[in-house]
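Remarks on the overall topology
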Amino acid sequence: MSEPQAKELAFLIVDDQFNVRRMVANFLRTFGHHSFVDAADGLKAKEKLGLHPVDFIICDWNMPNMTGLEFLKWIRSHERFSQLPFLMVTAEMANEIVAEAVEEGVDDYIVKPFQAQTLKAKIESVLEKRNNPSPLDLELAQGQGLLNNQKPGEALAVFQQALKSSPQSPRIHFAIAQALEALGKEDEAVKFYEEAAKLAPKFLKALDCLARLYEKQGKADLATAQIKKAAKLSPRNAQRHVTLGKILLEQGNTAEGMRALEQANERAGNDANLTAEVGEALLAAGLNAEAADAFGRAVSMDPNQVHLYNRMGIAFRRQKRFKEAIEQYKKAIKAAPQDENLQYNLAVALAESGQYEASRQTLKLALKLNPEFTEAKQLLQRLAR
């Protein structure tokens, strides 16, 4: 949509304190804005977005149910709302908080307490950047659009042209690296990611991409170094701690890897998917008891994720805790009775616990669901002998 004029802007004010929402609304009125809705947390803000047109979001960081950062992540991940200007309100200006908000695409932030003129200046600054992008921003947007439309060759040409006029821009080097990677030229991409990180040592996305490609190339030490740099710059990013933990565990550095995964858990909040990732990293490292605990936490956050019962079952089975494994598989099967893989896993646990007849009957169920299930046929033959 075209950018509305300043006086026509519709604001969404999100804060768990009614007095703050009213104060911000009063400030907006003093400088000519009269269209706004408010919400007490991110969840309610999502509802309001579905009901009202919104041109600008002013959102508190620390709220119950859904924090400002979680709401920002949701906004940026939804095409319909991803381009909305977003001003974050925070009670402190700690570097790690600023870094985390910038990573998720915040336009700017303002620190409590603030005066009307400070808020006005922030809004005007955000709108000025949005409404009058620099030539570099326009070229980056053009190239990114081509990348998003699976045209990496054309995007690369745009970015390389932009590099001629902005040779010291870390963003251009990063964009070229992304295009090269999309073209399968990973070695060349690494060089441009490295240059982006050299030009901007706090360029977190460049550090993350370098770590990912270094790990893919088998350069675990270099990957670890990049993730550690990024985690130091933005220690509140839970996903990064998971990645660091995985790499360290793969290197055999169990103690440090566990510490990284513990930090991920501390920052994950109620994110079942991220907690499950922690479980997967632990399971892959053979830390089965710890993995079972992680999957248990994840499933308590989101009982609808049936596969987590299955993963818990595997973790228990590896510990020879067959009774608990069988219990988890049965829970999964209750939710997904047509899944032959769950039936097979249950049969394996039953066989390992000495319940051979029950295992055979379960295998027959798996084969009824999928007559070509080779592993189930082979196990049934072994049990018949």
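Scroll up a little and you will see the structure.
This text gives an overview of the structure that appears in the document.

Re the overall build of the protein chain
If you tally the helices and strands in the protein chain, you get 20 helices and five strands. In terms of its C-alpha atoms, the protein chain occupies a principal-axis envelope of roughly 80 × 50 × 40 Å. Out of the 385 residues belonging to the protein chain, those deemed buried represent 46%. Residue pairs in contact within the protein chain that sit at least 24 positions apart in sequence constitute 52% of those at least 6 positions apart. If you average the places of the 50 positive and of the 50 negative side-chain charges in the protein chain, the two averages end up 3 Å apart.

With respect to the sheet that holds strand S2 (residues 35–39)
Spatially, the five strands line up as an open sheet ordered S2-S1-S3-S4-S5, and their pairing is parallel. Each edge of the open sheet carries a strand with a single partner, namely S2 and strand S5 (108–111). Strand-to-strand twist of the sheet, defined as the mean angle between neighbouring strand axes without regard to direction, takes the value 20 degrees. As judged from the four bridges shared by strand S4 (residues 86–90) and S5, these two strands associate in the parallel manner. If you follow Met88 over to S5, its bridge partner there is Tyr109.

Looking at the pattern of salt bridges
The full count for this structure, using the stated rule, is 21 salt bridges. A salt bridge links Glu280 to Arg311; the nearest nitrogen and oxygen atoms lie 2.8 Å apart. Of this pair, Glu280 sits in helix H14 (residues 272–284) while Arg311 is found in helix H16 (residues 306–318), placing the two residues 31 residues apart along the sequence. Measuring nitrogen to oxygen at the nearest pair gives 3.1 Å for the salt bridge that ties Glu352 to Arg317. Of this pair, Glu352 sits in helix H18 (residues 340–352) while Arg317 sits in helix H16, and the two are 35 residues apart along the sequence.

Examining helix H12 (residues 238–250)
With 13 residues, H12 should reach 18 Å at 1.5 Å per residue; the first-to-last C-alpha distance of 19 Å fits that figure. All buried positions along H12 are accounted for by Ala238, Arg240, His241, Val242, Leu244, Gly245, Ile247, Leu248 and Leu249. Following H12 by one or two positions, Gly252 adopts a phi angle in the positive range, close to 85 degrees.

Some words on the packing of aromatic side chains
Each pair of aromatic rings is reported with the distance of its centres and the angle of its planes. Within this structure, the stated rule accounts for eight aromatic pairs. Ring centres of Phe11 and Phe56 lie 5.3 Å apart, and the angle between their planes is 40 degrees; this geometry places the pair in the tilted category. With Phe11 in strand S1 (residues 10–14) and Phe56 in strand S3 (residues 56–60), this pair connects stretches of sequence that are 45 residues apart. The exposure class of Phe11 is buried, given its relative accessible area of 1%.

Some remarks on the nonpolar core
In this structure, Phe159, Phe174 and Tyr193 are the most contacted members of the largest nonpolar core, which totals 39 residues. When contributions to this core are tallied by element, the ones reaching two or more residues are helix H6 (135–148), helix H7 (152–165), helix H8 (170–182), helix H9 (186–199), helix H10 (204–216), helix H11 (220–233) and H12. Of the residues forming this core, the biggest block, eight residues, is contributed by H10. Not counting chain neighbours up to four residues away, the residues in contact with Phe159 comprise Glu139, Leu140, Gly143, Gln144, Leu147, Ile172, Ala175, Ile176 and Ala179. With 35 residues, the next largest nonpolar core counts Val242, Leu274, Ala276 and Phe295 among its residues.

Quick word on unusual backbone geometry
Of note, the bond from Lys112 into Pro113 is cis; its omega dihedral lies within 30 degrees of zero at -10 degrees. When you line up the elements, Pro113 lands in the loop between S5 and helix H5 (116–131). One non-glycine residue, Asn65, lies in positive phi territory at about 70 degrees. Relative to the helices and strands, Asn65 is located in the loop between S3 and helix H3 (68–77). We note that Lys320 has phi near 65 degrees; this positive angle belongs to a residue other than glycine. Its location among the elements puts Lys320 in the loop between H16 and helix H17 (322–335).

Comments concerning the pairing of S1
Across the five residues that make up S1, a large majority, five, are buried. Residues Ala10, Leu12 and Val14 point to one face of S1 and Phe11 and Ile13 to the other, with burial holding for every one of them. On the question of chirality, the crossover connecting S1 to the parallel S2 by way of helix H1 (residues 18–30) is right-handed. Alignment of S1 against S3, held across four bridges, turns out to be parallel. Pairing of Leu12 across the sheet is with Ile57, part of S3.

Regarding the pairing of S3
The element S3 is largely enclosed, with a buried count of five among its five residues. Where burial is concerned, the two faces of S3 agree: the one with Phe56, Ile58 and Asp60 and the one with Ile57 and Cys59 are both buried. As paired strands, S3 and S4 are joined by four bridges and run parallel to one another. For Ile57, the partnering residue across the bridge sits in S4 and is Phe86.

Section: the packing of H1 against H5
At a minimum axis distance of 10 Å, the contact between H1 and H5 shows a crossing angle of 70 degrees. Put simply, H1 runs roughly perpendicular to H5. Side by side, H1 and H5 meet where Val24, Phe27, Leu28 and Thr30 of the first sit next to Ala116, Leu119 and Ile123 of the second. Classifying every residue of the contact of H1 with H5 gives six nonpolar, one polar and no charged.

Rules used throughout
Residues numbered from 1 in each chain as written. Predicted model: local features only at pLDDT ≥ 70, side-chain atom pairs only at ≥ 80, totals over all residues. Heavy atoms only, no water. Helix = DSSP H or I, 4+ residues; strand = E, 2+ residues; numbered from the N terminus. Buried < 20%, exposed > 50% of the residue type's maximum accessible area, 1.4 Å probe, protein only. Contact = heavy atoms within 4.5 Å. Lys, Arg positive; Asp, Glu negative; His and termini not counted. Charge placed at Lys NZ, Arg CZ, Asp CG, Glu CD. Pairing = 2+ DSSP bridges. Axes fitted to C-alpha atoms, helices over the stretch in contact; angles between N-to-C directions. Salt bridge = Lys/Arg side-chain N within 4 Å of Asp/Glu carboxyl O. Expected span 1.5 Å × (residues − 1). Phe/Tyr/Trp six-rings, centres within 6.5 Å; stacked < 30°, edge-to-face > 60°. Core = buried A, V, L, I, M, F, W, Y, C linked by side-chain atoms within 4.5 Å. Right-handed = clockwise from strand over helix to strand, strands pointing away. Parallel < 35°, antiparallel > 145°, perpendicular 65-115°, else oblique. Nonpolar A, V, L, I, M, F, W, Y, C, P; charged D, E, K, R; others polar.

What is shown is where atoms sit, not what they do.
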